[in-house]
Every structure is written in structure tokens, then in C-alpha cells.
Amino acid sequence: FFALAIAAVFVFQYVPVADQILVSDCASQLNAGNDTSLLLSDYGYLIAHQNQIGLVNLLRVFYALFGDHNYLSFQIFNAVLACIGICWCGTKMTLHAAEDERVLPVYESLILTCLPLIIYVPYLYNDLISTSLVMIAFCLFAVDEGDSKGMAKSWKRVVLSDLIIGFAVVLRSNALIPAIAMILVILFQRNGNRKNKVLQIVLLIG
């Protein structure tokens, strides 16, 4: 998956256009101290499309670390995150749910069926990143290395899971759906005391 994703990055050699270049330019301008993209009087792009603010701020980090308008750093990050989230974490959760290694080829086949997802890697979209983050958050939330039956009992894992899914929501508001699903799982979980459930839900909402 990683090899194909990196190949897609270099074969397409994609430079953002249209709304994507506006997102990229907003990140670059904000890093330079220019906040006109946030001004309503100038019909700023972010005012009309506030769902893009999370991606803009993510790009700001990459541009600050690797140079202005360095798309390649973002694309490689996108490929790595997809490998960790969709491939590795998805495999761990599938094996955890079935407790039978014979199900792994089924999940691997599903990944191959969804290979068009790789097309998103070179592009400045938030869909693939948020999906990968949700998968990582769910893996931390549901898969406990010490107990194959229960939810993660380590509070470090719980907090990290909450932070990651929060980041996914900031990047793409649709990630609220799995966040709400996590709350419902905690509420209806049979094991675990009420105090811990309340604390987990409060952390997740926070």
C-alpha cells in the first residue's frame, strides 16, 4: 500500500489547484502573518468554508517545518498515516474481533478492493487523513494488548484515542459520527464501573 501510495505521489506530481490552492495559500499567508483570508470584509475563503480550517492549520505545521508550499511533505505524511490507520490498525482490529487469523485475507482483500483510496494520497483533501485517524483512534480505544475481551484499560491509551479522534473531527466534521459511536459503546458496555464510563465520556466530549 505504501509503495503504491508513494508511486502515486511521484507519478501524479500533483500541484493543488482551485479550492485546494486556496487552502494551501491560506496556510502560507497565515504563517507569514497575513490574516486577510480570515476577514469577512474581504470575502475570505475560510469564512465561507470553515470546515477547511483544520486542514489549513495542519498545512501550516508542514510549511513551517519543511518550507513554504512543500506539498511533498504533506503527501508523504498522508501515505504513512493511511498505512498505519487503514492497513495496520484495520488488520489489528479485524484480528481482535474475530480472534482467528483466517479472517486477515478477507480484510486484505477489502483493502485491495478499496485501492482507489490511494488516489487521494497526492491531493490536499482531508478525507483520507481523517479516516486514517479514526481507524487509529478506534484501535487504541478497542484493542487492549493485555485483554482480548475488554476495552483498553490504560488511561494513556484512552486519552490518546480521544485526542486523535478529536484531531480527526477538527479536520473533517463527519468524524463526529464515529466519535458519537465511541460514546455509545462506552455507555452500553457491560463491564466497567459507572465512574470510569463518565470520565471516559467527559474526556471524549472535551
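## Brief notes about the confidence of the model for the chain
With 93% of its residues at a pLDDT of 70 or more, the chain has an overall mean of 82. Least confident of the elements in the chain is helix α3 (residues 45-48), whose mean pLDDT is 76; most confident is helix α4 (residues 53-66), at 91. Below pLDDT 50 for its whole length, residues 147-152 participates in 20 contacts with residues either more than four positions away or in separate chains.

## Observations concerning the nonpolar core
In terms of nonpolar packing, the biggest core is built from 38 residues, with V56, L58, L59, F74, I129 and L133 touching the most fellow members. For this core, the elements supplying multiple residues, two or more each, are α2 (18-31), α3, α4, α5 (71-98), α7 (127-142), α8 (155-171), α9 (176-188) and α10 (194-205). Per element, the largest residue contribution to this core is eight residues, and it comes from α7. In this structure, L58 is in contact with F74, F77, I129, F167 and L171, ignoring residues within four places of it in sequence. Of all hydrophobic cores here, the second largest spans 13 residues; its members include I6, A82, I86 and V121.

## A closer look at a nonpolar patch on the surface
A cluster of nonpolar side chains, contributed by F2, F10, L72, I76, V80, I84 and W88, occupies part of the molecular surface with about 620 Å² of accessible area. Considering every element that reaches the nonpolar patch, the biggest residue donor is α5, with five residues. You can see I84 is positioned in helix α5. Residue I84 is classed as partly exposed on the basis of its relative accessible area of 36%.

## Details of α9
The end-to-end C-alpha distance of α9, which contains 13 residues, comes to 18 Å, matching closely the 18 Å that a straight helix rising 1.5 Å per residue would cover. When we look at burial in α9, the residues that qualify are P178, A179, M182, I183 and I186. The buried residues of α9 occupy an angular sector of 150° when the element is viewed end-on, so they sit on one face. When the buried face of α9 is taken as reference, the exposed residues oriented beyond 90 degrees from it are I177 and F188. Buried residues along α9 sit against α7, α8 and α10.

## Let's talk about the pattern of salt bridges
Counting across every chain of the model gives one salt bridge. A salt bridge links R172 to D127; its shortest N-O distance comes to 3.2 Å. Remark: D127 occurs in helix α7 and R172 occurs in the loop between α8 and α9; sequence separation between them is 45 residues. Taking relative accessible area as the criterion, R172 reaches 27% and is therefore assigned partly exposed.

Procedures and definitions
Residues numbered from 1 in each chain as written. Predicted model: local features only at pLDDT ≥ 70, side-chain atom pairs only at ≥ 80, totals over all residues. Heavy atoms only, no water. pLDDT = per-residue confidence, 0-100. Helix = DSSP H or I, 4+ residues; strand = E, 2+ residues; numbered from the N terminus. Contact = heavy atoms within 4.5 Å. Core = buried A, V, L, I, M, F, W, Y, C linked by side-chain atoms within 4.5 Å. Buried < 20%, exposed > 50% of the residue type's maximum accessible area, 1.4 Å probe, protein only. Patch = residues over 30% accessible without salt bridge, like charges linked within 9 Å, V, L, I, M, F, W, Y side chains within 5 Å. Areas by Shrake-Rupley, 256 points an atom, 1.4 Å probe, with all protein chains shown as cover. Salt bridge = Lys/Arg side-chain N within 4 Å of Asp/Glu carboxyl O. Expected span 1.5 Å × (residues − 1). Arc of directions from axis to C-beta.

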